[in-house]
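Observations on the model geometry
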Amino acid sequence: MFLKTINGDKDISKRLCSQATNLRTRLQQHIDNDELSSAIKIAEASITNDCIVALLAMMQSVDRDPNNDFRPISTSSDASLEMADVALLTLSDLYTMAEMHLKLQGWHPVDQSDKVSGGIVYEHDNGEISEEPNYEKMSWQMKLMLSIPVLIEPGCVDGEVVWAATVVHYEHGAQENQSDLECSELSPNCISVIDVLKSDEDGKSSRLRGTYNGCWRGLYADALGEMDTSHSIGQRLESWTETTLAGLSVANEESTRILMIGLGCGQLVSFLQNHVAGVELQVVEASQSIVDIAVKYYQFPTCALENVHIIDPIEYVKRQCSQGQVGGEYDTIIVNVCSSDDVFPNHLLNDQFFNGLVSMLSNHPTATLLVNSGVSADVVSTLVDEACKHIHGHRSGHALLLREYLLRDHSTSDDEGVIVAARRREWSLTVEDWQREHYGDNAQFSGAMDVTNAQRTQVVRLEKFLSLEDIETIRSVAKAKLASIEPASSALEKHTNSWKVLYLQSDDTFQQKLPALRQRILEAVRQVDKDNWHLFDNVDHVNIRVVEYHQMDEYGELADPRHYDLNSLLTMDMMLSEDGAFEGGDLQTEEVDGTLKKHEFKQGDALIFVSHKYHCVNRVRSGRRNVMVLEFWYGPERLCSHRCEKFGSEICMRDPGQDMYTQQFHPNLKQRDDSSTSILFPFRLGSVSACKADSREILELLWEPCGNTEVEPNKPLVAAKEQVDDKALSDAFACFGDSDSDSDDDSLAEEYGMTTQS
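This text gives an overview of the structure that appears in the document. Along each chain, residues carry numbers from 1 onward, in the same order as the chain's sequence is written. Only residues with pLDDT of at least 70 are given local features in this predicted model, and only at 80 or more are side-chain atom pairs given and counted; all residues enter the totals for whole chains, interfaces and linings. Values shown for side chains rest on all heavy atoms present in the structure; no hydrogens or waters enter the calculation.

Quick word on the pairing of strand β17 (residues 399-404)
Across a regular strand the side chains alternate sides, sitting on one face of the sheet and then on the other. Here the term buried applies to any residue with accessible area under 20% of the maximum for its type, exposed to any over 50%, and partly exposed to those in between, with areas from a 1.4 Å probe on protein chains only. In this text, helices come from DSSP runs of H or I with a minimum length of four residues, and strands from runs of E with a minimum of two, each type numbered from the N-terminal end. Most of β17 is tucked away: five of the six residues are buried. We treat two strands as partners when DSSP finds at least two bridges between them. Relative to strand β18 (residues 418-423), β17 runs antiparallel, the two sharing four bridges. Looking at β18, one finds that L400 is bridged to A421. Pairing of β17 with strand β33 (residues 696-705), which is carried by three bridges, proceeds in the parallel orientation. Each residue of the ladder has a partner; that of E404, found in β33, is L701.

Following this line, the structure appears as structure tokens:
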């Protein structure tokens, strides 16, 4: 933690403590005078000046013992102990004040510690319960204050003390005379590197390291660049913005000359170098600090620094244009210079800069300009359009506005993350065109329905599709399967303590043990598709992708309301549990109007729906819920012991039936060699949806993972232990301003409920 070196500098420690204590005193004075609103203003101004990061760093400056209630280790200095204590008290005061304000909005904390781990649960006067209370015009500063209980609670992973957000590096960058926090209206020139712990719906955690330029806005704040610390730099991309900039920057084998304005953490530069053979990259970065951070904390290769130019972007463009280097220079230009607040630099919002960028594009028909416009989409798109008309003679300009196809609704004014894109020629961006440009003859089309269109479809219910005898047989096969596998086998997946899945297709169990039922299922699904969607007509052949035996006990749920089965055509759920065997556990789908529809689902029923339709299962309140789920796709009938992602002609090395499938359906398939002109990315464009926002047409893009092998890491990143120098430590307090299981087969079957009893 970067404040560790402060142990030897009592003056810096004393000053840091003084600043934090002064903030506490000011807040308490206003609260004592019943001036809560004034205290809130002071707190929000301090947070806007990035005091939360400094306080977290101060709190984390001491080593703690995970085996002794995370108490400080005795070797910690008195100065660092005092600093950590003062920081913790200040953070606690900020949360207490936020909670007081929240109560005035009708929200009150309630004890749910037996059901919810981490954080605090609140109940509104109207009965609503939420871990994320909200009210009209709630500021991001208030949301950050309410997250403080999560931020100050340490945890332990593999014997190491971890925090929800670990401060790795921090520079405040404020002038020494900047002291009046109440007058601070703009975010300071702060740069921080923070490791954030995040987990997915399966409970798998990862540590994402992000660089933040400007005030840190909390655990879900957008970073300049982000990297999973278990991977090497450039192995994979984490954000939609960087994925889009990479995915649209290279259209074919000739588009290898790229200018990138804005280094970020170096992740995007390294990714393109790793995945695009022969790429020629030039990078422009205005801040030496950003470059140093990329090298020190992300292992950005020093050999790549010879192509990094430390210069203001507008000066670089001026020089390039004045030297007559116009046309034929770059096939792709990427501008990614927004702050963590999603603000595009104001001094770059002019005709001179954008005319220069467009004029520096090569004459290749797919030469592309990509600009991360942040909240300035209107201004940037106008400048790009005018530049295209001026330089290339487009009659009406041709800037595309792109944003993420979020698994939530956009607000009408949500311009964050909008990318403005333009090409020399007219550009029709579709999934099919993107696939052909990037993969050529190797393009893979799943035949699945577009995500947007899938939401308009209906679920088909087949009542009593399974007889009681069928259900008894399925349970017997599942129990025998469970008894035959090792406890650690991948054929048994534990999503959570309350939700487990047994893969019955592994080792051809389903086809061999239940051949008649398999055939009846295939015939029923083909008929339902023919009567409703005709998805099976889109591909050469359809097979069973996966057969899952699900068990959900109390608290088990598939909570994500916009979960869908990527790259499958149809999904079939069959209820095995007796009616009344559990409460809750309703299968729900999102309908066109955005509401969740509960579906009647009794024992023996089958529900068939388009796989890309959003669906979820609400929490099981009591009892045990057993269902069998099958997915159908364009690919082999998989025998591997997992939900396979390799479809079409892609090869799964874990599937014992792969060779047979390849010989039957793809006899001419050859391994791609290094001379292939295709660009191999570990993702592909999955959906392009047009929508209107404030009279503008915006294309919403959804990227999907694909079966291409990721670049093997040279070595995983180890969280940097280096410390910043004393000057950076001195800057840190500027945010405050100056102040005067070994189980046998039977026990396994009992644990996972694979018995003949419901």
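Side note on the packing of helix α10 (residues 313-322) against helix α11 (residues 351-359)
The N-to-C vectors of α10 and α11 enclose an angle of 50 degrees; their axes lie 9 Å apart at closest approach. Overall, the two elements α10 and α11 adopt an arrangement that is oblique. The two elements α10 and α11 cross, and the hand of that crossing is left-handed. Listed contacts from α11 to P313, I314, V317, K318 and C321 of α10 are Q352, F353, G356, L357 and S359. Split by residue class, the contact of α10 with α11 holds six nonpolar, three polar and one charged. Only the stretch in contact is used when fitting a helix axis, every axis being a line fitted to C-alpha atoms; angles between N-to-C directions are given from 0 to 180 degrees. Geometric relationships in this document are graded by angle, where less than 35 degrees denotes roughly parallel, more than 145 denotes roughly antiparallel, 65 to 115 denotes roughly perpendicular, and other angles denote oblique. In this scheme, a crossing is called left-handed if the near helix is turned counterclockwise away from the far one by less than a right angle; it is called right-handed if the turn is clockwise. Contacts: residue pairs with any heavy atoms within 4.5 Å of one another. Note on residue classes: Ala, Val, Leu, Ile, Met, Phe, Trp, Tyr, Cys and Pro are nonpolar, Asp, Glu, Lys and Arg are charged, and everything else, Gly too, is polar.

Section: the pattern of salt bridges
If the charged atoms of two oppositely charged side chains come close together, the side chains can form a pair. Within this document, salt bridges are pairs made up of a side-chain nitrogen of Lys or Arg and a carboxyl oxygen of Asp or Glu, the two lying within 4 Å of each other. One pass over the structure, following the stated rule, counts 27 salt bridges. E700 is paired through a salt bridge with R403; the nearest N and O atoms lie 3.0 Å apart. Of the two residues, E700 sits in strand β33 while R403 sits in strand β17, which places them 297 residues apart along the sequence. On the accessibility criterion, E700 (11% relative accessible area) is buried. A relative accessible area of 5% places R403 in the buried class. Between R461 and E600 there is a salt bridge whose closest N-O contact spans 3.1 Å. Here E600 lies in the loop between β27 (596-598) and β28 (606-610) and R461 lies in strand β19 (residues 460-462), a separation of 139 residues in the sequence. A residue is classified by how much of its surface remains accessible, and E600, at 45% relative accessible area, is partly exposed.

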